[in-house]
Amino acid sequence: MRLSVTHTTTYRYGDAASLCHTEARLAPRTLATQTLLEHELIITPRPDLTISRRDYFGNAVAYFSITRPHRALTVTARSLVERIAAAPIELAATPPWESVAAEFAPGGAAAARDDGEFVFAPPDQPPSRACAEYAAASFTPGRPILVAARDLCARIHRDFRYDPSATAVNTTVDEAMRLRAGVCQDFAQVMIACVRAIGLPARYVSGYLRSGRFSIGAEASHAWAAVFAPGAGWIDFDPTNDVMPSDRHVTVAWGRGYADVAPVKGVALGGGDQAISVAVEVTPARE
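Caption draft 1: Representation of the environment of threonine 167 within the structure. The topology assignment puts threonine 167 in the loop between strand E6 (161-162) and helix H4 (173-179). Owing to a relative accessible area of 14%, threonine 167 belongs among the buried residues under this scheme. C-alpha of threonine 167 to C-alpha of alanine 181: the two residues are 14 residues apart in sequence and 7.6 Å apart in space. Side-chain polar atoms of threonine 167 contact the side chain of aspartate 186, separated by 2.6 Å.

Caption draft 2: How the structure looks around empty space enclosed by the protein. Enumeration over the complete set of coordinates arrives at one cavity of 30 Å³ or more. Here the element with the most residues in the lining of the largest cavity is strand E8 (residues 202-209); it accounts for three residues.

Caption draft 3: Quick look at helix H5 (residues 184-197). Taking 1.5 Å of rise per residue, 14 residues should cover 20 Å, and H5 covers 20 Å from first to last C-alpha, within 8% of that figure. With 13 of 14 residues buried, H5 lies mostly within the body of the structure. Count one or two residues on from H5 and you reach glycine 199, which has phi positive near 85°.

Caption draft 4: Structural detail: the sheet that holds strand E9 (residues 222-229). The strand order across the open sheet built from four strands is E10-E9-E8-E11, with neighbouring strands paired in antiparallel fashion. Each edge of the open sheet is held by one strand with a lone partner, namely strand E10 (233-237) and strand E11 (249-255). Averaged over all pairs of adjacent strands, the angle between strand axes in this sheet comes to 35°, irrespective of strand direction.

Caption draft 5: Structural context of the layout of surface pockets. By volume, the largest pocket amounts to about 940 Å³. Counting only elements with at least two residues in the lining of the largest pocket, the list comes to strand E1 (2-24), H5, E8, E9, helix H6 (258-261), strand E12 (264-270) and strand E13 (274-284). Around the second largest pocket, the lining is made up of 19 residues, and of these Thr33, Ala86, Trp234, Asp236 and Pro245 lie nearest the centre. Of the residues contributing to the lining of the second largest pocket, the split by class is 12 nonpolar, four polar and three charged.

Caption draft 6: Spotlight on unusual backbone geometry. Residue threonine 44 is joined to proline 45 through a cis peptide bond whose omega torsion reads 0°. Note that proline 45 resides in the loop between strand E2 (34-44) and strand E3 (49-54). Its identity is not glycine, yet arginine 180 carries a phi of approximately 55°, on the positive side. Although it is not a glycine, aspartate 242 sits at a positive phi angle of roughly 55°.

Caption draft 7: Just the packing of aromatic side chains, in detail. Here the structure, examined in full by the defined rule, presents 10 aromatic pairs. Relative to phenylalanine 228, the ring of phenylalanine 104 has its centre 5.9 Å away and its plane inclined at 80°; by these criteria the two rings are edge-to-face. Linking phenylalanine 104 in helix H1 (residues 97-104) with phenylalanine 228 in strand E9, this pair joins segments that are 124 residues apart in sequence. Pair check on accessibility: phenylalanine 104 and phenylalanine 228 agree, each one buried. On the basis of an interplanar angle of 90° and a centroid distance of 6.1 Å, the ring pair of tyrosine 134 and phenylalanine 160 is categorised as edge-to-face. Of this pair, tyrosine 134 sits in helix H2 (residues 129-135) while phenylalanine 160 sits in the loop between helix H3 (145-159) and E6, and the two are 26 residues apart along the sequence. A residue is classified by how much of its surface remains accessible, and phenylalanine 160, at 6% relative accessible area, is buried. Grouping aromatic residues by their ring pairs yields a cluster made of Tyr56, Phe57, Phe104, Phe118, Phe228 and Trp234. Residue placement shows arginine 29 over the ring face of tryptophan 254; its charged tip is 3.7 Å from the ring centre. Across the ring face of tryptophan 254, the terminal group of arginine 203 is positioned such that the distance to the ring centre comes to 3.8 Å.

Each value, and the rule that gives it
Residues numbered from 1 in each chain as written. Predicted model: local features only at pLDDT ≥ 70, side-chain atom pairs only at ≥ 80, totals over all residues. Heavy atoms only, no water. Helix = DSSP H or I, 4+ residues; strand = E, 2+ residues; numbered from the N terminus. Buried < 20%, exposed > 50% of the residue type's maximum accessible area, 1.4 Å probe, protein only. Polar contact = N/O pair within 3.5 Å; in protein donor to acceptor, adjacent residues only side chain to side chain. 1 Å grid on protein atoms, 1.4 Å probe; cavity = no way out; pocket = protein on both sides within 12 Å on 5 of 7 lines; lining within 4 Å. Points joined across faces, edges and corners; volume = space filled by probe spheres on them. Expected span 1.5 Å × (residues − 1). Pairing = 2+ DSSP bridges. Axes fitted to C-alpha atoms, helices over the stretch in contact; angles between N-to-C directions. Nonpolar A, V, L, I, M, F, W, Y, C, P; charged D, E, K, R; others polar. Phe/Tyr/Trp six-rings, centres within 6.5 Å; stacked < 30°, edge-to-face > 60°. Lys NZ or Arg CZ within 6 Å of the ring centre and 35° of its normal.

Any link to function would need more than the numbers given here.
What follows is the structure in structure tokens.
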């Protein structure tokens, strides 16, 4: 399936901003089940400097700066992606979660691997005791790691209410746990915190979701969690929609948490009050 993605972020300032420095992570990754065919980034006003690079996690980053006064900034990314469904996974064939946790514990066989760094919480989302307690109902003794992760995904979908007005971009995991409400970012970070709380690697994935059935969160950039299982690799879970992402999801970036993969972030000098609007459209493209 080919998907056409248009993602537009607009900043409007109460006063003129004299300059801005901005990073955008908007180019989808190329993976075994996903190929980026085309990508275009349109920035208005036109930047004075643009630099492309890869970050620590291998995500594509476009850095740009505007050094003249402007009252608005618009960043539009247009992408064409070829997406195929991944092969089915036998969740029950994965090892017990305790054995995986032992591998990634300090001194364990996998502790020094790159995947091992995803056991640790980022500075802005410290370990959560509430998440450890919540995870225990899914990660019962001897349960295969991906069976437990799938159960956790379903429980978050059932127990949490999707409510864009309940949280903000800086809402902590503990706040989301207390509210039992939020958006895809919150649901993903709650699941990740639960998995890390019992010593397992989990990472935050940003991307897009084609609208339709199982499409909560398709009106903006989307987010979900991935859990590492030996023999299976990184497996995605979308607790917002209670699905395992397939060809309806487009992966853009991954990291420890939202701060590592924010679609657009930066600083502006001046500008006064600002209003931000985001519009995302994901539609099938002609072959």
